[in-house]
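One-letter residues, chain by chain:
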Amino acid sequence: MSFDLLAPHYRWMELVLAGDKLQRCRTAFLDQAAHRQQVLILGEGNGRFLLECRRKLPRAQITCVDASARMLALARARLQRSGLGLEATQFTHSDVLAWQAPARAYDLVVTHFFLDCFPPDRLKAVIGTLANAATADATWLLADFRVPARGWRRYRAWLIHQLMYSFFRLATRLPARRLTPPGPFLEAADFRLGAQHLSDWGLLHSDLWERHPASNATCL
């Protein structure tokens, strides 16, 4: 799987197909994580979330891991143009399953529009790897697509997913053929859903997961 071919086009594609919806999903719970100091971002892409993360967490150490060298270059260039500096940001070119993740190193894990790339067996392994790299009190921010439970919203989402997965399998050799909800794997790693925001008629969700057990998730 590689997003190198799409990297130069990803920004305008997102703008045309989704406007600012995906970015709003990415940043929905960023304020709640502004106190975190060791940040791990997986599959950051061209750096739009990274830029906002650096603005909100100016003193944090941020590690970006991405399998696409071109996406990492775009993210680095975006951050450099912002004038916020690169000193506290590390860019690592690696497949997540080949990356040697340090144990219990990060108090904030971010996987925006990333976990949907993996079939169930690989998704379990990815979440296990990242959970081992997270501290005992870590926060996990996640934004992604979803399929509503019923009605026209479900059929709309199903059609969008079919088109989306067909395109990305062709363009990037995406291993997944359909969406696998990550919730059960996160819960198995002792994370609990603290809050969730749904948008675009239930097609998109933004989650805040916490390693401290939460009594109930709040759906906004």
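Shown above is the structure to which this text applies.
Residues numbered from 1 in each chain as written. Predicted model: local features only at pLDDT ≥ 70, side-chain atom pairs only at ≥ 80, totals over all residues. Heavy atoms only, no water.

### Quick word on the overall build of the chain
When you go through the chain residue by residue, the secondary structure sums to 7 helices and 8 strands. By the compact-globule yardstick of 17 Å for 220 residues, the chain fits well, its C-alpha radius of gyration being 16 Å. Expressed as lengths along the three principal axes of its C-alpha atoms, the size of the chain is roughly 45 × 45 × 30 Å. A buried classification covers 50% of the 220 residues belonging to the chain. Taking all contacts inside the chain whose residues are at least 6 apart in sequence as the whole, residues at least 24 apart take part in 69%. Put simply, the chain shows about 11000 Å² of open surface, and 54% of that area lies on carbon and sulfur atoms. Charge separation in the chain, taken as the distance between the mean sites of 28 positive and 19 negative side-chain charges, equals 5 Å. (Helix = DSSP H or I, 4+ residues; strand = E, 2+ residues; numbered from the N terminus. Rg over C-alpha atoms; globule rule 2.2 N^0.38 Å. Buried < 20%, exposed > 50% of the residue type's maximum accessible area, 1.4 Å probe, protein only. Contact = heavy atoms within 4.5 Å. Areas by Shrake-Rupley, 256 points an atom, 1.4 Å probe, with all protein chains shown as cover. Lys, Arg positive; Asp, Glu negative; His and termini not counted. Charge placed at Lys NZ, Arg CZ, Asp CG, Glu CD.)

### Topic: unusual backbone geometry
Backbone geometry follows two general trends: most residues other than glycine have a negative phi, and most peptide bonds adopt the trans configuration. In this structure, Asp190 is a non-glycine residue whose phi angle is positive, near 75°. Counting through the fold element by element, Asp190 comes out in the loop between α7 (183-188) and β6 (192-199). Its relative accessible area of 46% is what places Asp190 among the partly exposed residues. Although it is not a glycine, Trp201 adopts a positive phi angle of roughly 55°. Mapped onto the secondary structure, Trp201 falls in the loop between β6 and β7 (204-210). The exposure class of Trp201 is partly exposed, given its relative accessible area of 49%.

### Let's talk about the pattern of salt bridges
Applying the stated criterion across every chain yields a total of 8 salt bridges. Look at the salt bridges and you will find they share partners, linking Glu14, Asp20, Arg26 and Arg48 into a network. (Salt bridge = Lys/Arg side-chain N within 4 Å of Asp/Glu carboxyl O.)

### A look at the state of the cysteines
On inspection of all chains with the given rule, the structure shows 0 disulfides. Residue Cys64 stays outside any disulfide, its sulfur separated by 8.0 Å from that of Cys53, the closest cysteine. On the basis of relative accessibility, which here comes to 1%, the residue Cys64 falls in the buried class. (Disulfide = S-S within 2.5 Å.)

### Side note on the side chain of Glu44
Counting through the fold element by element, Glu44 comes out in the loop between β1 (38-42) and α3 (48-56). Only 3.2 Å separates the side chain of Glu44 from the backbone nitrogen of Phe49, close enough to count as a polar contact. With sequence-adjacent residues up to four places away left out, Glu44 is seen in contact with Phe49, Leu50, Cys64, Val65, Asp66 and Ala75. (Polar contact = N/O pair within 3.5 Å; in protein donor to acceptor, adjacent residues only side chain to side chain.)

### Regarding the nonpolar core
Ranked by internal contacts, the top residues of the largest apolar core, which has 46 residues, are Leu130, Trp140 and Phe191. Going through the elements one at a time, α1 (10-18), α2 (21-27), β1, β4 (106-112), α5 (120-133), β5 (134-145), α6 (151-172) and β7 are the ones with two or more residues in this core. Non-local contacts of Leu130, meaning those with residues more than four positions away in its chain, are made with Leu40, Leu42, Val96, Trp99, Val109, Thr111 and Trp140. Residues Phe29, Leu51, Ala75 and Leu79 belong to the second largest nonpolar core, which totals 22 residues. (Core = buried A, V, L, I, M, F, W, Y, C linked by side-chain atoms within 4.5 Å.)

### What about the environment of Leu123?
Along the chain, Leu123 falls in helix α5. Filtering out sequence-adjacent residues up to four positions away, Leu123 remains in contact with Leu115, Phe118, Thr180, Pro181, Pro182 and Phe185.

### Comments concerning the packing of aromatic side chains
Using the criterion set out here, one finds 7 aromatic pairs in the structure. Seen from their ring centres, Trp99 and Tyr106 are 6.4 Å apart, and the 35° between their planes marks the pair as tilted. Judged by its relative accessible area of 7%, Tyr106 is buried. For the ring pair Trp140 and Phe191, a centre distance of 5.2 Å and an interplane angle of 85° mean the geometry is edge-to-face. You can see Trp140 sitting in strand β5 and its partner Phe191 sitting in the loop between α7 and β6, a full 51 residues away along the chain. The same class applies to Trp140 and to Phe191, which are both buried. (Phe/Tyr/Trp six-rings, centres within 6.5 Å; stacked < 30°, edge-to-face > 60°.)

### Details of the side chain of Asp207
Along the polypeptide, Asp207 turns up in strand β7. Buried within the structure, Asp207 lacks any salt-bridge partner; its nearest side chain of opposite charge belongs to Arg146, at an N-O separation of 7.3 Å. At 2.9 Å, the side chain of Asp207 forms a polar contact with the side chain of Gln196. At 3.2 Å, the side chain of Asp207 and the side chain of Trp209 are in polar contact.

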